[in-house]
Amino acid sequence: MRRNKHLLLWSSLATLALLVTAAAQENVLRPWRRMQHAASVPIDVRLRQVVVPALGAADRCVSCHVGMATGEPTASGDPTLAPHPDVAHDPNTFGCTVCHGGQGRATDADDAHGWVHFWPAPMLPLRNADAGCGSCHTHLAVTHVERLREGQTLVERLDCLACHELDGRGGTTRPRSHVLDGPDLSRVGARGVPQHWYEEHLTQRTTNIDPAWATSFGPISESERATLEEFLASRVGAPKLVAAKSLFHSLGCRGCHRIGGVGGDDGPDLTLVGERDPGRTDFSHVRGEHTLANWFAEHFRAPATIVLGSRMPTLGLSEEEIELLTHYMLSLRRSDLPDAFWPTDRVRAERLGQREFATDGATLYGAFCAACHGTRGQGMRFAGMTPFPAVGSRDFLAIASDDFLRLTIEHGRPGRRMPAWGVMEGGLRPAEISAVIAHLRDLGEGTGCEPDGQPVRWAQGQVELGRTLFAQHCAPCHGKRGQGGEGLALANRALLAAATDTYLFESIRRGRRETTMPAFGASSAVRPTLSDREIESIVTFLRSFEVGP
Amino acid sequence: MTTATPPKPALRRFVENLRDAPRRVRDSALRSGKANTDRTRSTFVFDNVFLHVHPVRTHRWSLRWSSTWGLGIASLAAFGVTLVTGVLLMFYYKPHPSAAYDSIKDIVYVVPTGRFIRNIHRWAANVMVVTVLLHMARVFFTASYRAPREFNWLTGMALLAVTLGLSFTGYLLPWDQLAYWAITIGANIAQSPREVTDALGVTPSFDPGGLQKFLLLGSDVVGEEALIRFYLLHVMILPMALAALLAVHFWRIRKDGGLARPADVDQRVIDDTEATYPVFTQAPRKTYQIAALVRGRTAAVGRAPENTLPSMPHLFYAELAAAMLTVAVCVGLALLSDAPLKELANPAVPENPAKAPWYFLGLQELVSYSAFMGGIGIPAIVMVGLSLIPYLDRETAGTGEWFGGPGGGRVVAQAALVGLGAALAVEIFAIRFGWLREWIPDVAQLWITLFNPGTVLAAIYAAYSVWLVRRYDSTRTGALGLFTCFLCGFVLLTVVGTHFRGPNWHFYWSPADWPAH
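None of these values were measured; they are calculated from a predicted model.

Enquirer: Whenever I open this one, the domain arrangement of chain B confuses me. Can you help?
Expert: How big an interface is tends to be stated in terms of the accessible area lost upon association of its parts. Residues and elements named next belong to chain B. Domain boundaries in chain B define domain 1 (35-274 + 286-351) and domain 2 (357-510). On a C-alpha basis, the centroid separation for the pair domain 1 and domain 2 is 25 Å. Contact with domain 1, which involves 30 residues of that partner, is made by 32 residues of domain 2. Among the elements of the structure, α7 (114-141), α8 (150-172), α9 (177-190) and α10 (194-200) are those that each provide at least two residues to the side of domain 1 that touches domain 2. Considered class by class, the residues forming the side of domain 1 that touches domain 2 number 21 nonpolar, 5 polar and 4 charged.

Written out as structure tokens, the structure reads:
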């Protein structure tokens, strides 16, 4: 009886104490309360949130980041309370998590930033903040990194920054009130570069009374204007993302990786790779912190050590390039938006079929071909793989007709690494393939292929002679049965179907300079020269690969 | 009263009545005033709608902590806690896949003390499962299921089933990955009769497993139908069923003569009168006997209440103490450890390993060998066996005593060793050497259904129990052995399933050794 009474008393008191502790902990001691109490300006201490039902956002981030909500006083002291930097989107219209990721409903720092188990979308690191644009935006017509660099150089050379601010630089050398204080160009591409900017500048130059106009602006050539406009169109307020996307599309990554239905299939589809859940990502071989950004960075340093058995070659990138590619990977995400929230670039890309990459030959070649064929078409060698052909070789381009190139690009080389790039496969449109072919001609310094007037098949040599000569001269590189080796596989029906007899004949006769394929028609000290008849016999023999093994 | 007091002015009467109002409210509520005499202590009990299921006097034997360890009351208290916290959670919870997860997040992050209430609810539910199981073990080991209490043993088993049902249905409601895949596993266990119907080739025409799963989920997969179904079961049907069964359970305790006691109980209990409230503090105006006739031999019938004490306050303090201790434990655990909440449920990304709630992990371990035997066969055998125990064991020796019966504690200790040893041996063997499928890849599934680690273990236990029956010439001893074995087996398999099984249900020494995703 007495023991029971004591037990009752003490367990009741314990329960009461625990309840009071919990009540205090849950209501009074919340970190966001302390944060608001600590503000230099007294602010109303309460839970704050940004609710955007259309986006499914209930973001309580502003309970700590009070200054980022509209109508709130700007309290100094803890930087957490600071207002949001100037951005295109009002945080009160869009919420926080739609751009930054993280867990909007949470009210504890770690939970809210998503640095906890079981939150699949942690906040993007601050240095990768504009990767969040990728959730809704598709930056269109991104150009080759060299075009971007040309534009940047031009801006510097023409001294645009004297009057204009651009990506946080320039425009500040003079007092703000000066007549020549031009508008900030950091986001000029988002609404489109004004059509008559050049004419207007010229008019100002002649009519404006300020003498500075006469000296600070001069005529610009048409090609430079085009470069400048292309560059300004890419200024959408996310310079790092544009640089990152541009770099990705210059290294030929899409030759193996598909994004949004366009690209090769040798590597994984990257369309949503930035949304990957770190909790479900294998970090067992990753040094450093277990964040997606670090995973990508480590992976770019040495792919096969992070994903065992990966065939992705080590690209030998600089740290800056690794950071940019990581940035682009993080931007590959896509949030489901109600129609009213769709930005125009996304409508254009997903509903109207506009490309996110520029469709000039150089950019297309950079995005889809450069990884294997080399940035200048010089061919590539990677450990453990057969060498990739030098498609920029002038010897090749001189005999490869546009039709041959088109067939090869559209249908690929079944049985080899070259994938098919037609609309149904790799996703390139006919006009884009034409642009790539034109760019190949440029790589070959304008080398064209003269039509020889011959029928497609004309070789009528002796098969047996051809067989003997093949075994003697060709088999060491191309394999006894034409299966390939150091040289490419000749027993490939797709190749033989696309190649004319002239193409095969001339390839053997002239060889390929700057590759290991010698010119068998030229005299040489180390091997006998083949006569035209002998070469024709080899071509005739090669044709026998078409009918059977 | 001849001198008539002059009538008071109405206003003064009003003031006096107002002053007396609190006392009168108390008196009218309690009817018989303060419980300070034997008579008022009795009326305190049977005048109270909530207490009248208790006897007015309770035997000293039943009041000893070691008789029950308060496990029944603890279960009830845990249920009460889940009830209160559950109703609070219902204010915010939204049972639809599009809103459920977010509403739990809101409860955790925004609702004042919401996280804490959710934690209490979760811990009280787990405490309830544990105390119900322990309560059952207590009743078994003290042989309290025997006549006339056989039926209450059955009611208790029904309560166990409803308790597990409540816990299981609550598991899905957060709609996170943990919930989603645990329920998927649970539903697949329900579907396990398919193993046999598939093997017999009759599934297209006769598919009780599929039907069971469909009834559970309202669909082929866990989806919104399953969620609303589980919600309804969790907040309405099962609590009501539990309340009804509880009423029967308590009423039968009373009608079956209170707690079971040894036949010679009166010689055993030492009368320590000093520590109790005095009996008969005033001359009774009326003799209060037990309020109803009860069947069978009970201490109270035809005897003076010498070894009994007034329930008010002795029993009620004991009950309140046990209940309050349970509440304190639930609240304390809730403060120490948060209820889990994983990512939003994603039907496209299975958890690996997907584990059922912990109390089903023993079954899941058996299911990994044979879905039918683990999911249906062995649980059914256990349930039927448990139900039959009071009807098979008609002995009287040892009733009301811990480990009562021939052999007693020695047999239980031995059985615990046998139970753990056999389970461990079978598990080690199966983990080390595999089973039929690894040895004979194209063996018919029916052979595995019949011969698997689960059935082997059950057979060992059964054989041991039969041996005990013959050795001690007592059904009770056999039952003691069998119950202990199954209890140990359950614990061991649950531990293996919880801690030592990783992705693809492979064996791992620790979750830290699991390969990365």
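Enquirer: Explain the environment of Asp403(A) to me, please; I cannot follow it from the model alone.
Expert: Tracing the chain through its elements places Asp403(A) in helix α18 (residues 402-411). Separated by 380 residues in sequence, Asp403(A) and Ala23(A) place their C-alpha atoms 78 Å apart.

Enquirer: Explanation requested: helix α11 (residues 208-217) of chain B in the structure shown.
Expert: An α-helical turn contains 3.6 residues, so a residue and the one three or four places further along point in the same direction. Residues and elements named next belong to chain B. Those residues of α11 that sit buried are Gly-209, Lys-213, Leu-216 and Leu-217. Buried residues of α11, seen end-on, are gathered within an arc of 85° and therefore sit on one face of the element. Residues of α11 that are buried make contact with α9, α10 and α12 (224-255). Remark: Gly-218 follows α11 within two positions and exhibits a positive phi of approximately 70°.

Enquirer: Explain the confidence of the model for chain A here, please?
Expert: Put simply, chain A has an average pLDDT of 87, and 97% of its residues get 70 or more. Ranking the helices and strands of chain A by mean pLDDT puts helix α13 (residues 319-331) of chain A first, with 95, and helix α8 (residues 211-216) of chain A last, with 75.

Enquirer: Can you walk me through the environment of Ala321(B) in this structure?
Expert: Here Ala321(B) lies in helix α14 (residues 311-336). The class of Ala321(B) is buried, set by 23 C-beta atoms lying within 10 Å. Separated by 162 residues in the primary sequence, Ala321(B) and Phe483(B) have C-alpha atoms spaced 30 Å apart. Ignoring sequence-local partners within four residues, the contact set of Ala321(B) consists of Asn4(A), Leu7(A), Leu8(A) and Ser11(A).

Enquirer: Help me understand the confidence of the model for chain B in this model?
Expert: Close reading of the predicted structure is inappropriate where its pLDDT is low. Residue and element names in this part refer to chain B. Averaged over all residues, the pLDDT of chain B is 87; the fraction at 70 or higher stands at 91%. Low pLDDT, under 50, characterises residues 279-284; the predicted model gives this stretch 7 contacts beyond four residues in sequence or across chains. Throughout residues 296-304 the model reports pLDDT below 50, and contacts reaching past four residues in sequence, or to other chains, amount to 12 contacts. As a predicted assembly, this complex carries a pTM of 0.83 together with an ipTM value of 0.82.

Enquirer: Can you walk me through unusual backbone geometry in this structure?
Expert: The bulk of non-glycine residues show a negative phi, and the bulk of peptide bonds are trans. Residues and elements named next belong to chain B. Look at the link from Ala-147 to Pro-148: it is a cis peptide, with omega at 5°. With respect to the helices, strands and loops of the structure, Pro-148 is situated in the loop between α7 and α8. Cis geometry marks the peptide bond from Asn-352 to Pro-353; its omega dihedral reads 0°. Phi at Asp-473 is positive, roughly 55°, even though this residue is not glycine. Structurally, Asp-473 can be placed in the loop between α20 (453-472) and α21 (475-499).

Analysis parameters
- Every chain's residues receive numbers from 1 upward, in the order its sequence appears when written.
- For this description, chains carry letters from A and ligands carry numbers from 1, given in the order in which they are written.
- Local features are withheld for residues below a pLDDT of 70 in this predicted model, meaning they are given only at 70 or higher, and side-chain atom pairs are given and counted only at 80 or more; totals for whole chains, interfaces and linings count all residues.
- The domain limits used here are those given by an automatic or database domain assignment.
- By definition, residue pairs are in contact when their C-beta atoms, positioned from the backbone, come within 7 Å.
- Helix and strand definitions here come from DSSP, where helices need a minimum of 4 consecutive H or I residues and strands a minimum of 2 consecutive E residues; each element is numbered from the N-terminal end.
- Put simply, Ala, Val, Leu, Ile, Met, Phe, Trp, Tyr, Cys and Pro go in the nonpolar bin, Asp, Glu, Lys and Arg in the charged bin, and everything else, Gly too, in the polar bin.
- In this scheme the burial state of a residue depends on its C-beta neighbours within 10 Å: 20 or more other such atoms mean buried, 12 or fewer mean exposed, and anything in between means partly exposed; the C-beta positions come from the backbone.
- Picture the helix axis, draw a direction to every C-beta atom, and the arc is the one those directions span.
- Summary of the metric used: pLDDT quantifies the predictor's per-residue confidence within the range 0 to 100.

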